[in-house]
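Here is how the chains run, residue by residue.
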Amino acid sequence: MAEVVVEHIKKTYKIKKETFTALSDISFSVDAGEIFGIIGPDGAGKTSLFRILTTLLLADSGKATVMGLDVVKQYKEIRRSIGYMPGKFSLYSDLTVQENLEFFATIFNTTIEANYGLVKDIYSQIEPFKKRKSGQLSGGMKQKLALSCALIHKPTVLFLDEPTTGVDAVSRKELWEMLHRLKRDGITILISTPYMDEAGLCDRVALFQKGRILSINTPKGIIKNYAYPLWAVKAVEMYQLMNAILKEPSVESCYLFGQYTHVAFKNRGGEQAILEDIIKRGTYTQVEYHPIEANIEDCFMSLMKD
Amino acid sequence: MRVLMLLLQKELKQISRDPSIFRILFIMPMVQLLILPLAADYEIKNINLGVVDHDHSEYSRKLTNKLISSGYFKLKDYNTSFKSALHSVELDKTDLIVEIPSQFERKLVTENESTLFVAVNAINGIKAGLGSAYIQSIISDYNQEIRLQWLGHPSFNPQPTIEISSSDWYNPHMNYKVFMVPGILVMLVTMIGSSFAANNIVREKEMGTIEQINVSPIKKFQFILGKLIPFWLLAMVVLTIGMFIARIVYNIIPLGSYFTIYLFASIYLLAILGLGLLLSTYAQTQQQSMLVSFFITMIFNLLSGLYTPIESMPVWAQIITKFNPVSYFIEVMRMVMLKGSGIHDIRYHILALLGFTTLFNTWAILNYRKRSG
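Sequence order as written defines the numbering, with residues in each chain counted from 1. Each chain gets a letter, beginning with A, and each ligand a number, beginning with 1, in the order they are written. pLDDT decides what is reported in this predicted model: residues at 70 or higher carry local features, side-chain atom pairs at 80 or more are listed and counted, and totals for whole chains, interfaces and linings draw on all residues regardless.

*Asks:* Tell me about the overall build of chain B, residues and numbers included.
*Replies:* Only DSSP runs of H or I covering at least 4 residues are called helices, and only runs of E covering at least 2 are called strands; the numbering of each starts at the N terminus. A count of helices and strands for chain B gives 14 helices and four strands. Within these notes, the globule rule equals 2.2 Å times the number of residues to the 0.38 power, and the radius of gyration is based on C-alpha atoms. Taking 2.2 N^0.38 as the reference for a compact globule, 373 residues should give roughly 21 Å; the C-alpha atoms of chain B span a radius of gyration of 28 Å, well beyond that estimate. Oriented by its inertia axes, the alpha-carbon framework of chain B measures out at about 95 × 45 × 40 Å. Residue pairs at least 24 apart in sequence account for 80% of intrachain contacts in chain B once pairs closer than 6 positions are excluded. We call two residues in contact whenever the C-beta atoms placed from their backbones are within 7 Å.

Here is the structure:
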């Protein structure tokens, strides 16, 4: 069953006299108990979409439902059973950890004890600091507290707006582990992130770019749809090599990826010969090249070009 | 109700943890109440007088002495020409020149009349107005004295004179502090009421915490009441401290009952807090709300009758003061404290304030949106 349905949502902002399109004709649906990733660079429209779905923002046109409830007409019911964690830390920094959590539990007519099981994994990590004011917590701990507060009323759908931005690698990993545990509890999770490497951790992802959806699929499906043979190339004279590769007509695209250059070819067959030919023509040292499987970022790059 | 209690609890916790709020709320008003009424003195003494005496007669000397002995004037300059007297006005040494013409005494005796020239430096309008009023009454008093002296027998007085003697009611000693302190108290309560609650809401906007409140089932009126009540209480506490200072320091004991004052203050605060809330729904940052509330309270205070009597304003300004809640409170404070007015006497003021309360708060609630367009 579809838990979140978005149909032809449009949203524009007027900044001075210019109109800026944040979302143009977005449609997708999220099934119950799914981790749905919204992946895209800054300014792709992720936060606007979340604010529309959490009933904080009105779309210009289109229709959206959460748990079968209309985000415009039945916002009251929606607010009672969703959890929202905004991208910016927005808890009371002058209240303690425990006071914050109690406050949000009481607003939703529940207690910490009643839903302790749900937040235990996360909250137990910050519990030693429960008497500390939340403004004095570290970034990772703040995120954990914010997630606890978003979860304390046992929401059916959880909206997480860039929860991993600015969080260290260990905390990121922990957060994703927690999300998978929450998924087992039957909570539907919508998560946005600018990090492509997190896409693989979602059940399905929507790739966003400039207010448009480039593709919606499982991470594996997106990779499977990648049409081009892909090679990784490395040399000491990387810049010259890249320029030489870009001149080659059979090359679709070529971009830096970590310490390698990823080269996508237009057609299958004979890639190795083409590369060897390019390398022979120049003077490159410590050259390495081998075929690779595409990852989400490669897919995003190629989708962006289209 | 439960949610409201929770919000109040949260708010009071936050207020109690903010040391600057306590400093601003209690120390500043006290300082203002201790300094302002003493400094804002309307009575003008020590007007510097310059005398140009061309006559040098007994009569001119008598007049000069009478002016100086009145206590309002200080003889700072004694000149032989008007020009040099004017020069000392230009140097700000004197504020007022009395020029006594030559043959002042002679003309007075032989022709029964004489002239005097009074020039006033009107850069400070209040000082000039009061100075010339004082000098006129002293001169007319002097005139009266001379007449009586000449007539000798009052029974044959051909010209009956009416002497005006006045008694000042409600403030018999014309103590301006009695008049200023209640007004300054109102100003303080207004400043706290209009800016604190507004800033607090805008702070939630700035911090982003309002987002979390907005996605929760908290209702608009609960949120707004949760903000109104704590600041209403704080302002009441400040009012109480102010009344206490007025009683201890200035010995101002209201003639009317404290109950009337508190009843009116509680309605007044609802109106002013409503205004603050209204500002907060429009402002996006604390700077915006601070500046706007500063601007509005300044205009309200200046048009409230605290410094300049409303009756002396032009008609259009008097109409504006009808839309100024501060002017009602200042009037009521003075009525209750000095005249001992009761609830019945201020019923129209109460009605007007209830109107402001309804207007500001309804507007604020309508304009506060949990979601944006």
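*Asks:* Can you break down the overall build of chain A residue by residue, with the values?
*Replies:* When helices and strands are counted, chain A shows ten helices and 14 strands. A fraction of 72% describes how many contacts in chain A between residues 6 or more apart in sequence connect residues 24 or more apart.

*Asks:* Got a sec to walk through the nonpolar core? Specific residues and values, please.
*Replies:* The nonpolar side chains of a soluble globular protein tend to be buried with one another. Put simply, a nonpolar core is a cluster of buried Ala, Val, Leu, Ile, Met, Phe, Trp, Tyr and Cys residues tied together by C-beta atoms within 7 Å. Counting other C-beta atoms within 10 Å of its own, a residue is labelled buried from 20 upward, exposed at 12 or fewer, and partly exposed in the gap between, with every C-beta atom placed from the backbone. Core analysis: the biggest nonpolar cluster contains 147 residues, and F159 of chain A together with L185 and V189 of chain B have the highest contact counts within it. Considering every element that reaches this core, the biggest residue donor is helix α7 (residues 176–207) of chain B, with 16 residues. In this view, F159 of chain A contacts F50, L53, T54, I82, G83, Y84, M85 and L190 of chain A; residues no more than four positions away in its chain are not counted.

*Asks:* Now, about the domain arrangement of chain B: what can you tell me, with residues and values included?
*Replies:* By domain assignment, chain B separates into domain 1 (12–40 + 174–367) and domain 2 (47–156). For domain 1 of chain B versus domain 2 of chain B, the separation of C-alpha centres amounts to 48 Å. Boundaries of every domain are those given by an automatic assignment or by a domain database.

*Asks:* Hey, could you go over the domain arrangement of chain A for me, with residue numbers and the actual values?
*Replies:* Residue and element names in this part refer to chain A. Along its sequence, chain A is carved into domain 1 (2–223) and domain 2 (226–305). Computed from C-alpha atoms alone, the centre-to-centre distance between domain 1 and domain 2 is 37 Å. Between domain 1 and domain 2, the contact holds ten residues from the first and nine residues from the second. At the level of elements, β9 (204–209), β10 (212–217) and α7 (219–224) are the ones that each hand at least two residues to the side of domain 1 that touches domain 2. Looking at the side of domain 1 that touches domain 2 element by element, the count peaks at three residues for α7. Looking at the side of domain 1 that touches domain 2 residue by residue, the class counts come to seven nonpolar, three polar and no charged. Side-chain classes are defined by residue name, with Ala, Val, Leu, Ile, Met, Phe, Trp, Tyr, Cys and Pro counting as nonpolar, Asp, Glu, Lys and Arg as charged, and the others, Gly among them, as polar.

*Asks:* Describe the sheet that holds strand β2 (residues 18–31) of chain A, listing the residues and the values that go with them.
*Replies:* All names here are of chain A. Paired strands, as defined in this entry, are two strands with at least two bridges between them according to DSSP. Overall, antiparallel pairing links the four strands, which are arranged β2-β1-β4-β5 in an open sheet. Since the sheet does not close on itself, it has two edges, and those belong to β2 and β5 (69–70), each with one partner. As defined by bridge partners, strand β1 (residues 2–15) adjoins β2 across ten bridges and the pair is classed as antiparallel. From the neighbouring strand, K14 faces β2, where its bridge partner is T19.

*Asks:* Pulling in residues and values, what's your account of the interface of chain A and chain B?
*Replies:* How big an interface is tends to be reported as the loss of accessible area on association of its parts. In this complex, chain A contributes 22 residues to the contact, which on the side of chain B involves 20 residues. Looking at the side of chain A that touches chain B, the elements with two or more residues in it are α2 (75–81), β6 (82–85) and α3 (97–107) of chain A. When residues of the side of chain A that touches chain B are assigned to their parent elements, the largest contribution, four residues, is made by α3 of chain A.

*Asks:* Before we move on, could you go through the pairing of strand β7 (residues 157–161) of chain A and cite the residues and values that matter?
*Replies:* Residues and elements named next belong to chain A. Most of β7 sits out of view: five of its five residues are buried. The side-chain alternation of β7 yields two buried faces, one formed by V157, F159 and D161 and the other by L158 and L160. Alignment of β6 against β7, held across four bridges, turns out to be parallel. From the neighbouring strand, I82 faces β7, where its bridge partner is V157. Examined bridge by bridge, β7 and strand β8 (residues 188–193) share five bridges and lie parallel to one another. Within β8, the residue paired with V157 across the bridge is T188.

*Asks:* Before we move on, can you summarise the packing of α7 of chain B against helix α10 (residues 258–282) of chain B with the specific residues and values?
*Replies:* Residues and elements named next belong to chain B. Note on geometry: axes are C-alpha line fits, over the in-contact stretch for helices, and angles between N-to-C directions span 0 to 180 degrees. Interhelical geometry of α7 versus α10 gives an angle of 40° and a closest axis separation of 8 Å. Our classification of the angle between α7 and α10 gives oblique. In this structure, α7 crosses over α10, and the sense of that crossing is right-handed. Mapping the contact onto sequence places V189, T190, G193, S194, S195, A197, A198, I201 and V202 in α7 and A265, L269, I272, L273, L275, G276, L277, L279 and S280 in α10. Angles are sorted into four bins: roughly parallel if under 35 degrees, roughly antiparallel if over 145, roughly perpendicular if 65 to 115, and oblique for all others. In this scheme the handedness of a crossing depends on how the near helix is turned from the far one: anticlockwise by less than a right angle means left-handed, clockwise means right-handed.

*Asks:* Please set out the sheet that holds strand β13 (residues 260–265) of chain A residue by residue, giving values where relevant.
*Replies:* All names here are of chain A. What the four strands build is an open sheet, ordered β12-β13-β11-β14; its pairing is antiparallel. Each end of this open sheet is capped by a strand with a single partner; those strands are β12 (251–257) and β14 (288–292). With strand direction ignored, the average angle separating the axes of adjacent strands in the sheet is 25°. Two elements, strand β11 (residues 230–234) and β14, share five bridges in a ladder whose sense is antiparallel. Within the sheet, the bridge partner assigned to V233 lies in β14 and is Y289. The strands touched by helix α10 (residues 296–305) within the sheet are β11, β12 and β13, with β12 carrying the most contacts at an inclination of about 130°.

*Asks:* For helix α3 (residues 58–69) of chain B, give the residues involved together with the corresponding values.
*Replies:* All names here are of chain B. Each helix should span, by expectation, one fewer than its residue count multiplied by 1.5 Å. Along its twelve residues, α3 runs 16 Å from first to last C-alpha, staying within 8% of the 16 Å computed at 1.5 Å per residue. Within the sequence span of α3, burial applies to S60, L63 and L67. Seen along its axis, α3 keeps its buried residues to an arc of 60°; they face one direction. What points out from α3, more than 90 degrees from its buried face, is the exposed set E58, N65 and S69. A positive phi of about 95° marks G71, the residue just after α3. As used here, the arc is the angular range of directions from the helix axis to the C-beta atoms.

*Asks:* Got a sec to walk through the environment of L101 of chain A? Specific residues and values, please.
*Replies:* All names here are of chain A. Within the secondary structure, L101 is located in helix α3. By C-beta crowding, L101 is classed as buried, having 24 other C-beta atoms within 10 Å. Along the backbone, L101 and Q125 are 24 residues apart, and their C-alpha atoms lie at a distance of 14 Å. Those residues in contact with L101 that sit more than four places away from it in its chain are I112, S148, C149 and I152.

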